[in-house]
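Residues per chain, in single letters:
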Amino acid sequence: MTTTTLPTRADTGTDVWVAACPTNSLIPERGVAVLLPNGDQVALFRTHDNTLYAIDNIDPFTNAAVLARGIVGDRGGEPTVASPMLKHVFALRTGICLDNPDVAQRTHRVREHDGQIHVRAQPDQHHDVR
Amino acid sequence: MRQLVVIGNGMVGHRLVEAVLDRDPDGTWQITVLGEEPRPAYDRVSLSTYFDGATETDLRMPDLSATGNVELRLGQRATGIDTESRTVTTSTGDTLNYDALVLATGSSPFVPPVPGHDLDLCHVYRTIDDLDAISEAARGARTGVVIGGGLLGLEAANALRLLGLQAHVVEMAPWLMPRQVDEGGGALLGHLVEETGVRVHTGAALSAIEPGDEHAARVRLGEDHIDTDMVVFSVGIRPRDEIAHTAGLRMGPRGGVAVDATCRTSDPAIYAVGECASAAGTVYGLVAPGNAMAEVVADQLAGGEATFTGADTSTKLKLLGVDVASFGDCHCETPGALEVVLNDPPGRRYAKLVVSDDASTLLGGILVGDASAYAGLRPLVGHQLPGDPLELIAPAREGGGGLGVDALPDEAQVCSCHAVTKGTIHSAIADGNDDVGSLKSCTKAGTGCGSCVPMLKKLLTSAGVEQSNALCEHFTHSRAELVEIVLSTGITTFSELIAKHGTGGRGCDICKPAVASILASVDGGHILEGEQAALQDTNDHFLANLQRNGTYSVVPRIPGGEITPDKLIVIGEVARDFGLYTKITGGQRIDLFGARVEQLPAIWGRLVEAGFESGHAYGKALRTVKSCVGTTWCRYGVQDSVAMAIELELRYRGLRSPHKIKAAVSGCARECAEARSKDFGIIATENGWNLYVGGNGGFNPRHAQLLASDLDSATLVRYIDRFLVFYTRTADRLQRTAAWIEDMEGGLDHLRSVIVDDSLGIAAELERAMDRHVSNYSDEWRGVLEDPDKLARFVSFANAPETPDPTITFDTERDQPVPAGPVPLGMPETPPATSGSGPTETPHPNPREA
Ligand SMILES: Cc1cc2nc3c(=O)[nH]c(=O)nc-3n(C[C@H](O)[C@H](O)[C@H](O)COP(=O)(O)OP(=O)(O)OC[C@H]3O[C@@H](n4cnc5c(N)ncnc54)[C@H](O)[C@@H]3O)c2cc1C
Ligand code: SF4
């Protein structure tokens, strides 16, 4: 695991990828927070079936940076995380709040590379809700 | 503004004021209430619980003077009414004008004028003052005689028994409770009452009470006599109609102020309600008809046209542990009526139904020993019988009484206390009230004596409302059922449990923490070990309480609230060094707020080094056992409450449960530790400890009820062991002890039989489970500090472990750090989830230990 206080970048092409943590330190169904170079934060998860997801870490309902500390599970098969603040449930694939579909977290692409998990610094563009 | 004067602040007078306020939101009536008793209205119906642990405060009815339109003059008697000038004079010499006057003076116990009836040792049983006088007289007394074997007489006999006296009941009729039960029922009742240790003398006429030598007095019953230290009269009531009589109002044929169907007396400005009123010649000695009259008068005062046309005098009671119910024409007075009787003394049950001459219509009935059929039968009175009458009273199969709710017509009364019909309940269900709780608040049904609650459940079921106790979409089981599964299969992981017993999927924030709690209480082991870690909600995961800005609060255990100055200083130093906000909690300890995730291990390190451990303020677990100083310092203390609180807190620390558990120990009856507001509370007595269970503060405060009294310390601990393990195994998720006991079939009595009498034969197993918990306990903070893998999770960012979360900033308020920025006001605006499975715990913007 990196010990510097500034996030390291792993550049490939135009995308900026941030090294989050060694692959083996991300426990299934338990998130970690990752600090991006611009000061944004994402919550990074590994689900039971080994899929990786990253969504904004700040709970939009309370503005606390806590989603990484939520409980991971599923609702009707859709993988989710429940905010520990007021228990709103967010879909990990889309970032959409299942208790209030008008609200959505941005999602980030995640990949594994050289024993490290990387999160793409730029959020995905596939839905533009805010 | 119009002046309303109410004479009498008893149950019905109270209800009247409540009913008037309900209909008078604009405050057109200025209400003055004269109450002769020195205290505001209390629940006279439950008066006898005063000897069973209830206090005056428990019995008190809701305060109505808060609206500003009600003036309550306590300890002031109305002495006269002038119907010409429309004024009332009072014992303090005041004169009150009225536009409307309501008499609610109730009744007084009748004391037969036999020789000796006025001796000092003679008492009556009607008011709190009467009960205080009886307890006072019971000191040093051995024997007490109750004259009158009716409902109240038996309650009085039980009171004497609870005060430690040998109680006798003297009844002139050939059997007990002659008004409610017939000879057959009375015979069984007498038998069951004698079994409780009360001596029954029926067919016995009191001739005199003579001062005695060895005992204070000799009660003469013709040829026989009983030597006694005390006598309680309970032979009947007399309406308190003197003041109305003097004012020239018309009286009823057997006393009481005569009223018409609108509850008006012979003076149109004066109404009478409750036990002082004679409606169509009848004086009702029950509270439900009185309440109905109060509603009628309130309606009339609001310009309505409600009338009172008689009332149901059905009763169901538990006297001295014996169920007695009677309803409708129980004495078979309807011409041609037939009786169907089931008399089974060995089975300790007697049941009689009175049916019409063609056996088609139910007219009334009597149940003694087992009254479980009452809830189903009483609403059927006056209606077509759904089947063979003998079937209906045959020994209860599943559910009792063998009677489906579908058999009831819509106009049948389900709740007789509040006159709620099946039809009303059906429409409430149709309006979306889909559990007993919301039916109660919407229709008032079930909020009186509570005997119709099983009926409400059946009505819900028959209306197709599925009262599912499934935990969530991942399990069709309730929490209690999952405990059973875990105990019997030995499953130790969530993955295995959901794979074998779940509905598919990977769980959620409801079932995961619930299963984590079950596994922890069954299995022990550190809650962050292996797969368990991923089940915990954030508080349990970080062993601290999440606050609104994403920081945590830290609460070290301070058992019993006792702490040395040195340790107090350590807490102060830790708070100062880490910049934490400190606050004293209601549980007699100290909460340190504002710690960031990555600071937690260092904070614990300092605390653990000084001898502290986790206080489990974050978990659904035992929180604190609060104490007063008891014999250690207090002049009044009778036991060492601090030592007991510490012993209990150390015994039960770390116990995971369906909801948080709080406790307290008071060193004497003054109850400075507020033990009766706790899940389990202990109050010291001269002889040991009284154990109360099922109390809580919060949104819906409850007083704990007495489970067992005068226990020695070892027995006390065993009972609490059993109680806690039974609770953790059988309660629903997030169900506190009060609701758990309420939902239990048989309620507190059943709980007592399980805990005290071991009626299920599980006491030894419950104790073993608690012993296992005690020996497996270890401090969770220390567990993290000693394990590098667990410690590694306490970082702000996976890629920048020491960088503080930049979104967390503080302001200073009253010299302490507080979260910066605007306070989010309550819930964010989120429409309820369409799937019905949105946020489930009551959201709280600032969760904290309180
Ligand atoms: C031990 C006991 C158990 C009972 N159990 C049951 C039961 O299980 N079910 C049931 O339905 N009923 C039961 N009852 C009866 C029930 O309590 C009464 O029906 C009910 O209290 C009647 O209410 P009330 O307001 O008419 O009279 P009360 O409650 O007696 O109130 C009358 C009040 O008026 C006051 N008062 C009288 N004269 C004056 C005056 N001149 N000026 C000012 N104040 C005055 C009195 O001091 C009293 O406080 C029980 C009664 C007792 C004593
Ligand atoms: S409860 Fe009794 S012993 Fe405890 S402080 Fe109060 S008065 Fe003293």
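Remember, predicted model here, so these are calculated numbers, not experimental data.

### Quick look at helix α5 (residues 183-195) of chain B
All names here are of chain B.
- Taking 1.5 Å per residue, 13 residues should reach 18 Å; α5 reaches 18 Å between its end C-alpha atoms and fits that length.
- Along α5, the residues that are buried comprise Gly185, Gly186, Leu188, Leu189, Gly190, Leu192 and Val193.
- Buried residues in α5 make contact with α4 (151-162), β12 (199-202), β22 (322-328), β24 (349-355) and β25 (362-368).
- Immediately downstream of α5, the backbone of glycine 197 shows phi near 100 degrees, a positive value.

### Thoughts on the site of ligand 1
Residues and elements named next belong to chain B.
- Close to ligand 1 lie 30 residues; Glu36, Glu37, Arg44, Arg126 and Glu275 are nearest.
- A distance of 3.3 Å is found between an oxygen atom of ligand 1 and a backbone nitrogen or oxygen belonging to methionine 11.
- The separation between an oxygen atom of ligand 1 and a polar side-chain atom of glutamate 37 is 2.6 Å.
- Isolated, ligand 1 exposes 1,000 Å² of accessible area, and the fraction of that covered by the protein chains is 94%.
- Mapped by element, the contributors of at least two residues to the shell around ligand 1 are α1 (11-23), β2 (29-35) and α4.
- Broken down by class, the residue content of the shell around ligand 1 amounts to 12 nonpolar, 10 polar and eight charged.
- For the shell around ligand 1, the domains that each give at least three residues are domain 1 (2-107 + 238-301) and domain 2 (111-235).

### Examining the nonpolar core
Residue and element names in this part refer to chain B.
- Of all hydrophobic cores here, the largest spans 49 residues; its most connected members are Leu4, Ile7, Ile31, Ile81, Leu101 and Leu103.
- Contacts of isoleucine 7, omitting those with residues within four sequence positions, involve Leu34, Ala78, Ile81, Val88, Leu101, Val102, Leu103, Ala104, Thr105 and Ile243.
- With 41 residues, the next largest nonpolar core counts Ala141, Leu151, Leu160 and Leu319 among its residues.

### Observations regarding the interface of chain A and chain B
- Chain A puts 41 residues into the contact, and the matching count from chain B is 49 residues.
- Buried area between chain A and chain B, summed over both chains or domains, comes out near 3,600 Å², and the portion from carbon and sulfur atoms is 58%.
- Between the two partners, chain A and chain B, sit two salt bridges.
- At the junction of chain A and chain B, the tally comes to 17 residue pairs in polar contact (both at pLDDT 80 or more).
- Among the elements of the structure, β2 (15-22), β3 (32-35) and β6 (71-75) of chain A are those that each provide at least two residues to the side of chain A that touches chain B.
- Among the residues forming the side of chain A that touches chain B, the class breakdown is 24 nonpolar, 10 polar and seven charged.

### Observations regarding the site of ligand 2
- Around ligand 2, the surrounding shell consists of B:Cys628, B:Gly630, B:Cys634, B:Tyr636, B:Gly637, B:Gly667, B:Cys668, B:Arg670, B:Glu671 and B:Cys672.
- Among the residues making up the shell around ligand 2, the classes are represented as five nonpolar, three polar and two charged.

### Some points on the pattern of salt bridges
- One pass over the structure, following the stated rule, counts 52 salt bridges over all chains.
- Where A:Glu29 meets B:Lys512, a salt bridge forms, and the shortest distance between an N and an O atom there is 2.9 Å. Note that A:Glu29 is positioned in the loop between β2 and β3 and B:Lys512 in helix α15 (residues 511-523), a pairing that runs across two chains.
- Under the relative-accessibility criterion, A:Glu29 is labelled buried at 5%.
- Overall, the relative accessible area of 0% leaves B:Lys512 in the buried class.

### A look at the environment of B:Asp779
All names here are of chain B.
- Its location among the elements puts aspartate 779 in the loop between α24 (763-776) and α25 (780-785).
- With relative accessibility at 9%, the residue aspartate 779 sits in the buried group.
- C-alpha separation for the pair aspartate 779 and arginine 653, spaced 126 residues apart in sequence, amounts to 9.3 Å.
- Not counting residues up to four positions away in its chain, the partners in contact with aspartate 779 are Val608, Phe612, Glu613 and Ser614.

### A short note on the pairing of strand β11 (residues 116-120) of chain A
Residues and elements named next belong to chain A.
- Where burial is concerned, most of β11 is hidden: four out of the five residues are buried.
- Sheet topology places strand β10 (residues 110-113) next to β11; four bridges connect them, and they run antiparallel. Each residue of the ladder has a partner; that of histidine 113, found in β11, is glutamine 116.
- Taking the residues that link successive antiparallel strands as the turn, the β10-β11 hairpin has two residues, and the phi of aspartate 114 there is positive, at about 55 degrees.

### Let's talk about helix α23 (residues 747-755) of chain B
- Within α23(B), burial applies to B:Gly747, B:Leu748, B:Leu751, B:Ser753, B:Val754 and B:Ile755.
- Contacts made by the buried residues of α23(B) are with β35 (688-693), β36 (705-711), α21 (713-730) and α22 (737-743) of chain B.

### A look at the packing of aromatic side chains
Residues and elements named next belong to chain B.
- In total, this model carries 14 aromatic pairs over all chains according to the counting rule given.
- Consider the rings of tryptophan 604 and phenylalanine 794, whose centres lie 5.4 Å apart with planes at 75 degrees: the pair is edge-to-face. With a gap of 190 residues between them, tryptophan 604 in helix α18 (residues 600-609) and phenylalanine 794 in the loop between α26 (788-791) and β37 (810-813) connect regions that are remote in the sequence.
- For tryptophan 604, a relative accessible area of 0% corresponds to the buried category.
- On the numbers, 6.0 Å between centres and 85 degrees between planes, the contact of tyrosine 652 with phenylalanine 680 is edge-to-face. Here tyrosine 652, found in helix α20 (residues 641-652), pairs with phenylalanine 680, found in strand β34 (residues 680-685); they are 28 residues apart in sequence, far enough to count as distant. When sorted by exposure, tyrosine 652 lands in the same class as phenylalanine 680, which is buried.

The rules behind these values
Residues numbered from 1 in each chain as written. Chains lettered and ligands numbered in written order. Predicted model: local features only at pLDDT ≥ 70, side-chain atom pairs only at ≥ 80, totals over all residues. Heavy atoms only, no water. Helix = DSSP H or I, 4+ residues; strand = E, 2+ residues; numbered from the N terminus. Expected span 1.5 Å × (residues − 1). Buried < 20%, exposed > 50% of the residue type's maximum accessible area, 1.4 Å probe, protein only. Contact = heavy atoms within 4.5 Å. Near = heavy atom within 4 Å. Polar contact = N/O pair within 3.5 Å; in protein donor to acceptor, adjacent residues only side chain to side chain. Areas by Shrake-Rupley, 256 points an atom, 1.4 Å probe, with all protein chains shown as cover. Nonpolar A, V, L, I, M, F, W, Y, C, P; charged D, E, K, R; others polar. Domains from an automatic or database assignment. Core = buried A, V, L, I, M, F, W, Y, C linked by side-chain atoms within 4.5 Å. Buried area = accessible area lost by both parts, 1.4 Å probe. Salt bridge = Lys/Arg side-chain N within 4 Å of Asp/Glu carboxyl O. Pairing = 2+ DSSP bridges. Phe/Tyr/Trp six-rings, centres within 6.5 Å; stacked < 30°, edge-to-face > 60°.

Just distances and angles here, no functional claims.
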